[in-house]
Structures are given as C-alpha cells and as structure tokens.
Amino acid sequence: MVRLPYTTALTTLFSYGLLFAFGQLRDFFRKFVDWFKAKNVKGYAPICLGLEDFYVRRLYLRIQDCFGRPIASAPDSWFDVVERISNDNNKTLQRTSHTTRCLNLGSYNYLGFAAADEYCTPRAIESLKKYSASTCSVRVDGGTTKLHAELEELVARFVGKPAAILFGMGYVTNSAIIPCLIGKGGLIISDSLNHNSIVNGARGSGATVRVFQHNSPAHLEEVLREQIAGGQPRTHRPWKKIIVIVEGIYSMEGELCKLPEIIAVCKKYKAYTYLDEAHSIGAVGQSGRGVCELLGVDPADVDIMMGTFTKSFGSCGGYIAASKDIIQHLKHTCPAHLYATSMSPPAVQQVISAIKVILGEDGSNRGAQKLARIRENSNFFRSELKKMGFEVLGDNDSPVMPIMLYNPAKIPAFSRECLRQKVAVVTVAFPATPLLLARARICISASHTKEDLVTALDVISRVGDLVGIKYFPAEPPKIAEVGHNKLE
Amino acid sequence: MGRRGKQPYYVEAAPPVDVNKNTEWFMYPGVWTTYILLLFFAWLLVLSVSGCSPGAAWTVVNLAHFAITYHFFHWKKGTPFAADDQGIYSRLTWWEQIDNGQQLTRNRKFLTVVPVVLYLIASHLTDYKQPMFFLNTVAVFVLVVAKLPNMHKVRIFGINADI
C-alpha cells in the first residue's frame, strides 16, 4: 500500500502514455523503412512479432545505461563501477577502461561477506586448492563432496528443520522444486508479489495457480474457502493438495510477511506452506535465522523452507529445508539434483564458514556484531530517509528499502545523478514492479559504516531535491526546533 | 502546525491482484481522470491548431479516438513482453485481457460509456449535420459493439484471427 500525490499518478500515466505513443510512432516509421530493405530470409517465421518486444526496444533500451552496470571489484561497501559510453543513443554500450569508486547501495551484501573476510576467505581458498573449482559432475554421480554433506546438515541445523538439500542456483531452486512437489490436480496459492522464480515454477508444475492479495491473510482465507468449496476446474473434484507460497521479505517492497497469521489460516484449512526466505535468512532475527525467529513462528509449522546463499552468505546457490521424507523424495525426483552440476566446492565452503561466523562457532562474536550492525544501519537509514520526506517502503528491521520514484523519467535521472556523485543505486521499473510504482531499491549492508551511510543520505537528499521525489513534507531539523524553543 | 504551502492530495495505491502486467496498470488511481483529461486537451489542441468550430474539433477528436482505441484495444493482440508470460495472452486483444476476462466490471463500463459521451457531444455541437453525423455514428457503433460482453473472443468473418 503506497500513498502518492494524485498529480503524480496523473503525470506518471501521462508520461508512460507519451513514451508509448512515441514508441509506436517510431515502430510505424520503421515498418516503412524496412519494407524497402532487401530481405533474404523469405519463408522463415519472424523470431519476434512486432508487439512482443515493444517494451524492451522502445522503453528499456532508452535508459539501458542505468541497468546492468559492470563492476570491476568485489561488491563490498565501496566498489569500482566500469564506465560505459554509447555512440548510438543507448542502443549499444561499450565498456571503457575507466572505473569509478562508488558507494555500493545495490548489492545483496547484508552481512558483509561479499568481500574478503578474515575467517571465510582463507578457508574458501584452501577448499579451492583441495577440491578444485568444480566437481565436474552431478550430485548423484560424483559430485557430492564432504563439504556438500556438511553444508546440508549445517543448513538444516541453522534453519531448524530435520534435513536440507542444496542446489547450484537460487532461481532454479524455486523453479525446479515446485513442479516436483505438486502437479496437475493440485492448487498453488501464491502471494501476488512473489518472485518470478516462484511464478515460473508454479506455471511449470501444471497445477492450477491462484493469487491472493499481497500479505493479506483475510484474502488468503477467502481464496482458500472459495477454491476448496469449488474444487478442481470443470470436474469439481477435490484438490489433490494445496500449497500456499509466500516470501519472508519481499525484495521489491522490503516488507516482512505476516507469517503467524498466514500459518494459522493454512493450518485451519490443512494447506501446505512454502516459505521463500531468499532475502531474510541470515539478515533478520536475533541470531540470523530469518523471519521465523523474528516473528516467533516455530519452523516446524512451515512445511518447506527455501532460501538462497547469494544474499547474506556471500556465495551462490540455494537450499530447501524440510522433513526427512520430503528431502528424500526431492533427492530422487528433482531434476536440479539429478541432472545439474553440483555446487562449486569453494562456494560451499564459503557458506559453511559464513554460517559458522553467524552462529559464533568460529570462536568470535563477529556474527552477533554483524547482525546488530545491519539492524542498526537499516533502522537508522530508513528513519532518516523518511524524515527527509521520501516515500520509503518496508518494515523496520528489514535491510531492503525501496524509495519510490513513480515517474519513468525520474528513474534514469536519479540513477545517473547518483552515479555522478559516486553512489551506485539500483533502480527498478516495469515489469519487475507495477507500472506506476517505479522505485530505487537500497540494500543496506553490515559492512556500511556510519560515515558511509551519512554520505549516502547526503547524496540521496541532494539528488532527491534535484529530481523531485520528496513527496512528503520533510521534518524540520532538530537545531531549528531548539532555537524556536529558546526564543519562547 | 503551520501550513507552509499547499499539501498535495494523496491517494493510496494497493497492489492489484491482476497477474497480467499488460492490464494491471489500468487498476491504479488516476487512470480514468488521465483518460478524460487527454481527450479534453486533444480537443483544445485541435481547436487551437486548426481554428475550426468546436463541433468539428470534437468530431476530429472522436474519430481519432475511434482509430486509436480500436487499434490498441480491439486489434493488437498479446502483450509487449510475451517472453515473460509465455505468450498465454497472445490470442487476446487488450480489451479481452483486462480485469482477467471478467465482463461488466467498472473499468469496462467506464470505457464503454466514454465513446458514447464523445458521440453525444460531437453530434450535438455539429447540429447532427452530415457528413459528420454519419462518421460519428459509425465510430460509436463499432466501438460499442466491440465492447459488448457477447463479443468476447469473437472474430467476425475470421478478421484478426490468429496467425
């Protein structure tokens, strides 16, 4: 639920209308120009029909220098961004050999493990020397090393479930697991703002997919009642099974899921629950165990818990943690386990070391320090941004904070001006977000120092004034108030 | 607290439950107003550029509105990002996609009323004289028939049927 000034809604719709009109006009003339060009592909079907890639060609490419910026160093709190130039108005970009040192507000580096760490990196290098960069095999053939077995047990222990299974890619974890758990005749009820990997997996499973209003246990109950009463489409037979899929922290909103209420609803109607903790595992909770710990939900109440290692653990890959039976079933049926190459051993070692640091099993309290720091940093940054008058989404304690931009022209304006002032932010537009609600998404890290955050706030405030995104009245600074009181 | 300058009027935008990204933008606040304002400013533009009578300007706006909305609502099929949604809407026009294919929703009723109102304004201000009257009538007839619930997924004589 976002609040925006009515005039902003009108101008945003008008801007998109204008962009759309110009894009259509250019397509129209392009059709004429291409008619006269000789074509030697007669008889072949076109790869893309005209309307299909309209958005990419006419809107995305205009501002493509704001997306996909290459970096030339580890994604620590400060990193090197490669400069790019374009000679044909952003249709193609060429990398230069110059780099700029920028403050990193875009990487999912929640606990600061993305850069060299005193405990993790030596162990990762050692495992690279011992096990080499790739297992060169699938898990069921020769790709299971001691590290993989150790990590599966460690993840299960960390999350609070009996068993776990690993995958080499976070996106694949969702899109390859869901078809193994449910098929035709089943029902998937997923939150309307779920990630594309879940949507993909749900579509690929062949089950019927219904969507419920974002984070609304009341609407979930309504949808469940309607679907259970109606049964399967056309035959009205009872559903084979029902899985409700939610996320821990929604990556585009920074909001926490209303997990206790949703679990209560699912238990009432005997539906299975699938929790995607990609952004919350390791980043929230007293000891980093994710939203279950933060919201006081027993992990035994959630049937399947999914997470990724890319965000808080500085590695790559994903996991599923569930009961021993489910994991055993997945190990025999999931194609991502049977036919995909297993995780790279140094990446596995990185996760093992990161989890040990978080749990404090490395002999120091750096894990607890990191967790406290990310909580403080997030809350400080969010409250300061709100005081300046920005529309910031997300709950307290969540390290993801989107700043609303709305107008399509403000996306490249904000992005480019921040880069000029040496702050790298990630801006997100349609279709990853709804059309009207373009935003700049900030990811706070435990490796950001207070000075980094103050620099970032300074730059964002100045750029915000220039671009005009302070939609709410700013609170007056403390000094002025004190002076006021003194006069009285 | 003193009011320094006017406070803007805020609206709330709840994320709609529509999964089709091609049509969910139509559920946000301000869409109807933007549509009406666009038509009004188009009329002003036509008047200021050509200097014709108000009735003729409304006729021009009505016919342009007919051409544009017919092309984009009832002719073009699919979505601008068929790769992302696997082309499940590639046989449906935008009109057939909105509100998830539900008929007689508020959005659909509004969009059906707009051509009729335009027709009434244009006909009244041109005193029902030919040839404007005939052109306006054709425009409103085609648009309203295309929006009727009975025409959902109907392709007359196979016009605009799938490739």
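Residues numbered from 1 in each chain as written. Chains lettered and ligands numbered in written order. Predicted model: local features only at pLDDT ≥ 70, side-chain atom pairs only at ≥ 80, totals over all residues. Heavy atoms only, no water.

Our next topic: the overall build of chain B. Helices and strands together make up the secondary structure of chain B, namely 5 helices and 1 strand. When the helices and strands of chain B are listed from N to C terminus, the series reads β-α-α-α-α-α. Buried residues in chain B amount to 39% of all 163 residues. Total accessible area on chain B is roughly 9400 Å²; 68% of this is exposed by carbon and sulfur atoms. (Helix = DSSP H or I, 4+ residues; strand = E, 2+ residues; numbered from the N terminus. Buried < 20%, exposed > 50% of the residue type's maximum accessible area, 1.4 Å probe, protein only. Areas by Shrake-Rupley, 256 points an atom, 1.4 Å probe, with all protein chains shown as cover.)

The next point concerns the pattern of salt bridges. Residues and elements named next belong to chain A. According to the stated counting rule, one finds 20 salt bridges over all chains in the structure shown. Among the salt bridges present, the one from R366 reaches D117, with a minimum N-O distance of 2.9 Å. Of this pair, R366 sits in helix α13 (residues 366-388) while D117 sits in the loop between β3 (94-104) and α3 (120-131), and the two are 249 residues apart along the sequence. It is possible to trace a salt-bridge network through shared partners that takes in D27, D53, R57 and R58. (Salt bridge = Lys/Arg side-chain N within 4 Å of Asp/Glu carboxyl O.)

Before going further, it helps to examine the UniProt feature "transmembrane region" (unreviewed entry) in chain B. Residue and element names in this part refer to chain B. Taking the numbering used here, the UniProt-annotated feature "transmembrane region" (unreviewed entry) corresponds to residues 30-49, 55-73 and 132-149. For the annotated span residues 30-49, helix accounts for 95% and strand for 0% of the residues, and the straight-line distance between the end C-alpha atoms is 28 Å. Across residues 55-73 one finds 100% helix and 0% strand; the C-alpha atoms that close the span lie 26 Å apart. (UniProt positions renumbered as here; feature names shortened; annotations may be inferred.)

Next up on the list: the domain arrangement of chain A. By a widespread convention, an interface's size corresponds to the accessible area lost as its parts come together. All names here are of chain A. For chain A, the assigned domains are domain 1 (19-26 + 45-104 + 368-467) and domain 2 (119-359). Look at where the C-alpha atoms of domain 1 and domain 2 centre, and you get two points 27 Å apart. Counting residues at the interface gives 18 residues for domain 1 and 17 residues for domain 2. For the domain 1 and domain 2 pair, buried surface summed over both sides reaches about 1300 Å², with 57% attributable to carbon and sulfur atoms. The tally of links from domain 1 across to domain 2 stands at 1 salt bridge. (Domains from an automatic or database assignment. Contact = heavy atoms within 4.5 Å. Buried area = accessible area lost by both parts, 1.4 Å probe.)

This brings us to the packing of α13 of chain A against helix α15 (residues 450-467) of chain A. Each pair of packed helices can be described by the angle between their axes along with the distance between the axes. Residue and element names in this part refer to chain A. Their axes nearest at 11 Å, the elements α13 and α15 cross at an angle of 25 degrees. Relative to α15, α13 is oriented roughly parallel. You can see that α13 and α15 cross each other, and the crossing is right-handed. Residue-level contacts link N377, F380, F381, E384, L385 and M388 of α13 to K450, L453, V454, A456, L457, I460 and S461 of α15. Taken together, the residues that form the contact of α13 with α15 break down as 9 nonpolar, 2 polar and 2 charged. (Axes fitted to C-alpha atoms, helices over the stretch in contact; angles between N-to-C directions. Parallel < 35°, antiparallel > 145°, perpendicular 65-115°, else oblique. Left-handed = near helix turned anticlockwise from the far one by under 90°. Nonpolar A, V, L, I, M, F, W, Y, C, P; charged D, E, K, R; others polar.)

Turning to the side chain of S251 of chain A, a few remarks are in order. Relative to the assigned elements, S251 of chain A resides in the loop between β7 (242-247) and α8 (259-268). Setting aside its immediate chain neighbours within four residues, S251 of chain A contacts H279, V400 and R441 of chain A.

The next subject is the side chain of H279 of chain A. All names here are of chain A. Its place among the elements puts H279 in the loop between β8 (272-276) and α9 (291-295). In this structure H279 comes out as buried when scored by relative accessible area, which is 5%. Separated by 2.8 Å, the side chains of H279 and Y110 make a polar contact. Excluding its chain neighbours within four sequence positions, the residues that come into contact with H279 are Y108, Y110, I249, S251, K311 and V400. (Polar contact = N/O pair within 3.5 Å; in protein donor to acceptor, adjacent residues only side chain to side chain.)

Before going further, it helps to examine the pairing of strand β5 (residues 187-191) of chain A. Residue and element names in this part refer to chain A. In terms of residue burial, β5 counts as a mostly covered element, since 5 of its 5 residues are buried. Of the two faces of β5, the one carrying L187, I189 and D191 and the one carrying I188 and S190 are both buried. The pairing of β5 with β7 spans 4 bridges and is parallel. Among the inter-strand pairings, I188 is bridged to a residue of β7, identified as I243. Sheet topology places β5 next to strand β6 (residues 208-212); 5 bridges connect them, and they run parallel. Bridged to I188 within β6 is V209. In terms of handedness, the path from β5 via helix α6 (residues 196-205) over to β6 forms a crossover that is right-handed. (Pairing = 2+ DSSP bridges. Right-handed = clockwise from strand over helix to strand, strands pointing away.)

Moving on, we get to the nonpolar core. With 69 residues, the main nonpolar core has F381, L385, F414, I442 and I460 of chain A together with L111 of chain B as its most contacted residues. Per-element accounting of this core gives the leading share, 7 residues, to α15 of chain A. Apart from residues lying up to four places away in sequence, L111 of chain B is in contact with F26, Y35, F73, W94, W95, I98 and K147 of chain B. Among the nonpolar cores identified, the runner-up in size contains 62 residues, and F113, A156, L224 and L371 of chain A belong to it. (Core = buried A, V, L, I, M, F, W, Y, C linked by side-chain atoms within 4.5 Å.)

Looking now at the packing of aromatic side chains. Under the criterion given, the structure shown has 25 aromatic pairs over all chains. Measuring from centroid to centroid gives 6.0 Å for W25 of chain B and W94 of chain B, while their planes differ by 35 degrees, and the two rings are tilted. One end of the pair, W25 of chain B, is in the loop between β1 (10-13) and α1 (31-50); the other, W94 of chain B, is in helix α3 (residues 94-97), with 69 residues separating them in the sequence. Judged by relative accessible area, which is 7%, W94 of chain B ranks as buried. The rings of F158, F309, F313 and Y319 of chain A are connected pair by pair, giving a single aromatic cluster. It is R123 of chain A that lies over the ring of Y119 of chain A; its NZ or CZ is 3.8 Å from the centre. For K450 of chain A, the ring lying beneath its charged end belongs to F380 of chain A, and the centroid distance is 4.5 Å. (Phe/Tyr/Trp six-rings, centres within 6.5 Å; stacked < 30°, edge-to-face > 60°. Lys NZ or Arg CZ within 6 Å of the ring centre and 35° of its normal.)

Listed by partner, the interface residues are 36 residues for chain A and 36 residues for chain B. The junction of chain A with chain B conceals about 3200 Å² of combined surface from both sides, 69% of it contributed by carbon and sulfur atoms. Viewed at the interface, chain B and chain A are joined by 0 salt bridges. Here chain A is connected to chain B by 3 residue pairs in polar contact (both at pLDDT 80 or more). Residue assignment for the side of chain A that touches chain B shows that the elements contributing at least two residues are β1 (2-5), α1 (6-35), α2 (54-60), α6 and β6 of chain A. Ranked by residue count, the leading element in the side of chain A that touches chain B is α1 of chain A, at 7 residues.

The next subject is a positive patch on the surface. Residues and elements named next belong to chain A. A contiguous patch of positive charge, built from K184, R234, R237, K240 and K241, is present on the exposed surface. Along the chain, the position of R234 falls in the loop between α7 (217-230) and β7. The exposure class of R234 is exposed, given its relative accessible area of 82%. (Patch = residues over 30% accessible without salt bridge, like charges linked within 9 Å, V, L, I, M, F, W, Y side chains within 5 Å. Lys, Arg positive; Asp, Glu negative; His and termini not counted. Charge placed at Lys NZ, Arg CZ, Asp CG, Glu CD.)

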